[in-house]
Amino acid sequence: MFLSRSLCMFIRSVVPTAYGDKSKLTPEVHRQYFDALPTKDSRKGTWVFPTEIIDSSDWLTLFPAAAATRFPHTGHYVQDEEGEVIASLIRDF
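Residues numbered from 1 in each chain as written. Predicted model: local features only at pLDDT ≥ 70, side-chain atom pairs only at ≥ 80, totals over all residues. Heavy atoms only, no water.

Q: Just checking my understanding: could you explain the overall build of the protein chain for this structure?
A: When helices and strands are counted, the protein chain shows six helices and zero strands. Along the protein chain, helices (α) and strands (β) appear in the sequence α-α-α-α-α-α when read from the amino end. Against the compact-globule benchmark of 12 Å for 93 residues, the protein chain has a radius of gyration of 15 Å, which places it well outside the compact range. Summarising its shape, the C-alpha atoms of the protein chain cover approximately 40 × 30 × 20 Å along the three principal directions. Residue burial in the protein chain is summarised as follows: out of 93 residues, 17% are buried. Element-wise, carbon and sulfur atoms account for 61% of the exposed surface of the protein chain, whose accessible area totals about 7,100 Å². (Helix = DSSP H or I, 4+ residues; strand = E, 2+ residues; numbered from the N terminus. Rg over C-alpha atoms; globule rule 2.2 N^0.38 Å. Buried < 20%, exposed > 50% of the residue type's maximum accessible area, 1.4 Å probe, protein only. Areas by Shrake-Rupley, 256 points an atom, 1.4 Å probe, with all protein chains shown as cover.)

This is how it looks when you write it as structure tokens:
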């Protein structure tokens, strides 16, 4: 909790490791994560949310008829790494 709230450890350490294509986490993109969470209180979710999803169910099994697009070479931040592809999928939907 202290590391996340006081030292932005989630943004400094976890965000970079969660990118599949590290070259897409430019300094400008990385700065946006810091800018979105400027205060200790605003960073609370960076340590609360991960603890809430541990042992959660595979949500995709709740929607068996749903079409899913997988990005095997993309990390956690799909919107940053594959934004154009996602936008195209949404438009086609």
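Q: I would appreciate a short explanation of the side chain of R43 in the present structure.
A: Within the fold, R43 resides in the loop between α3 (27-36) and α4 (45-53). For the buried residue R43, which engages in no salt bridge, the nearest side chain bearing the opposite charge is D41, 8.8 Å off. Discounting chain neighbours no more than four positions away, the residues touching R43 are S4, R5, S6, C8, L37 and P38. (Lys, Arg positive; Asp, Glu negative; His and termini not counted. Salt bridge = Lys/Arg side-chain N within 4 Å of Asp/Glu carboxyl O. Contact = heavy atoms within 4.5 Å.)

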